[in-house]
Amino acid sequence: MRNTVALAAVLLISIMAYVIFFFGQEGSSLSDDDIAFAIPDTAEVGRIVLTPVVKTQPQTSLTLSRTRTTGWQLNKTYPALIPRVDRLLQVMQSLALREVFNEAAQANAQTFLRTVRTDVEMYDHAGNLIKAYSVGSETPDAQGTIMQMDGSDIPVSVEMPGLVGFVKANYSVDPLY
């Protein structure tokens, strides 16, 4: 009887170790470059360029530039709406990975991103690129946003913790929004 209990315990521990080792590795092939969407310090952002792309054709972009005297400017001409810029910066700082898609969903997400997306580029005050990524549509459950870092082949679902829904609306290029 003791041998049976000891054998069952060893077998159970072995199965648990196998499951943790092999199934716990899921998603580990992603590097930080594939999922690091958030900007830790938004004070270093000096310019944001939002370019909508429809069916691989870039549309008119919107540029937000930080000035030393007047705050933020829209397309180097008009004062930007500070609450909107603050909200965009808050979203950019808070973005977090929600889900890594399986292979079939990745193919669908890449199709969505090729069809309609907003390309986002953030530059520091010296004009150096800090980060660039594409923002797609909401996920089918409307709880995340399909996004992909420039240079990555892997689209993922991204969220803003504490927000139920998707963040795409914050990347609007409508200058009246």
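Computed from a predicted model, the values in this text were never measured in an experiment. (Residues numbered from 1 in each chain as written. Predicted model: local features only at pLDDT ≥ 70, side-chain atom pairs only at ≥ 80, totals over all residues. Heavy atoms only, no water.)

**Here's the deal with the packing of aromatic side chains**
Aromatic rings in a pair are described by how distant their centres are and how their planes are angled relative to each other.
And then number 1: The tally for this structure, following the rule as stated, stands at 2 aromatic pairs.
And then number 2: Plain terms: the ring middles of F37 and Y133 are 5.4 Å apart, the flat faces sit at 75° to each other, and that makes the pair edge-to-face. With F37 in the loop between α2 (32–35) and β1 (45–54) and Y133 in strand β8 (residues 129–138), this pair connects stretches of sequence that are 96 residues apart. As far as burial versus exposure is concerned, F37 and Y133 are alike and both buried.
And then number 3: Between the aromatic rings of Y133 and Y171, the centroid separation amounts to 6.2 Å while the plane-to-plane angle is 80°, which identifies the pairing as edge-to-face. Note that Y133 is positioned in strand β8 and Y171 in the segment after β10 (156–159), a separation of 38 residues in sequence.
And then number 4: Three or more aromatic residues link up through ring pairs in this structure, and these residues are F37, Y133 and Y171.
And then number 5: In this structure, R47 is placed above the aromatic ring of Y123, and the distance from its NZ or CZ to the ring centre is 4.1 Å. (Phe/Tyr/Trp six-rings, centres within 6.5 Å; stacked < 30°, edge-to-face > 60°. Helix = DSSP H or I, 4+ residues; strand = E, 2+ residues; numbered from the N terminus. Buried < 20%, exposed > 50% of the residue type's maximum accessible area, 1.4 Å probe, protein only. Lys NZ or Arg CZ within 6 Å of the ring centre and 35° of its normal.)

**Concerning the environment of V100**
And then number 1: With respect to the element layout, V100 can be found in strand β6 (residues 96–100).
And then number 2: When its relative accessible area of 32% is taken as the criterion, V100 is described as partly exposed.
And then number 3: Residues V100 and I154 lie 54 residues apart in sequence; the distance between their C-alpha atoms is 8.4 Å.

**Observations regarding the nonpolar core**
And then number 1: Formed by 28 residues in total, the largest nonpolar core has its most connected members in I48, L64, M92, L95, Y133 and Y171.
And then number 2: Sorting the residues of this core by element identifies β1, β3 (62–67), β4 (71–74), α3 (82–94), β7 (116–124), β8, β9 (145–149) and β10 as the ones contributing at least two each.
And then number 3: Sorting elements by how many residues they give to this core places α3 first, with 5 residues.
And then number 4: The contact partners of I48, leaving out residues within four places of it in the chain, are L62, T63, L64, W72, L88, L89, M92, E121 and M122. (Core = buried A, V, L, I, M, F, W, Y, C linked by side-chain atoms within 4.5 Å. Contact = heavy atoms within 4.5 Å.)

**Here we look at the pattern of salt bridges**
And then number 1: Taken as a whole and judged by the stated rule, the model has 3 salt bridges.
And then number 2: Of the charged contacts in the structure, one is a salt bridge between R98 and E99, with a shortest N-O distance of 3.7 Å.
And then number 3: Judged by its relative accessible area of 27%, R98 falls in the partly exposed class.
And then number 4: Of the charged contacts in the structure, one is a salt bridge between D119 and R117, with a shortest N-O distance of 2.9 Å. For the pair shown, D119 and R117 are each scored as buried. (Salt bridge = Lys/Arg side-chain N within 4 Å of Asp/Glu carboxyl O.)

**A closer look at the pairing of β1**
And then number 1: With 8 of 10 residues buried, β1 is to be regarded as a mostly interior element.
And then number 2: Relative to β7, β1 is paired through 9 bridges, and the arrangement is antiparallel. Looking at β7, one finds that T51 is bridged to D119.
And then number 3: Note that β1 and β3 share 4 bridges and pair antiparallel. When the bridges of β3 are listed, I48 appears paired with L64.
And then number 4: Alignment of β1 against strand β2 (residues 57–58), held across 2 bridges, turns out to be antiparallel. Of the residues in β2, the one forming a bridge with V54 is Q57. (Pairing = 2+ DSSP bridges.)

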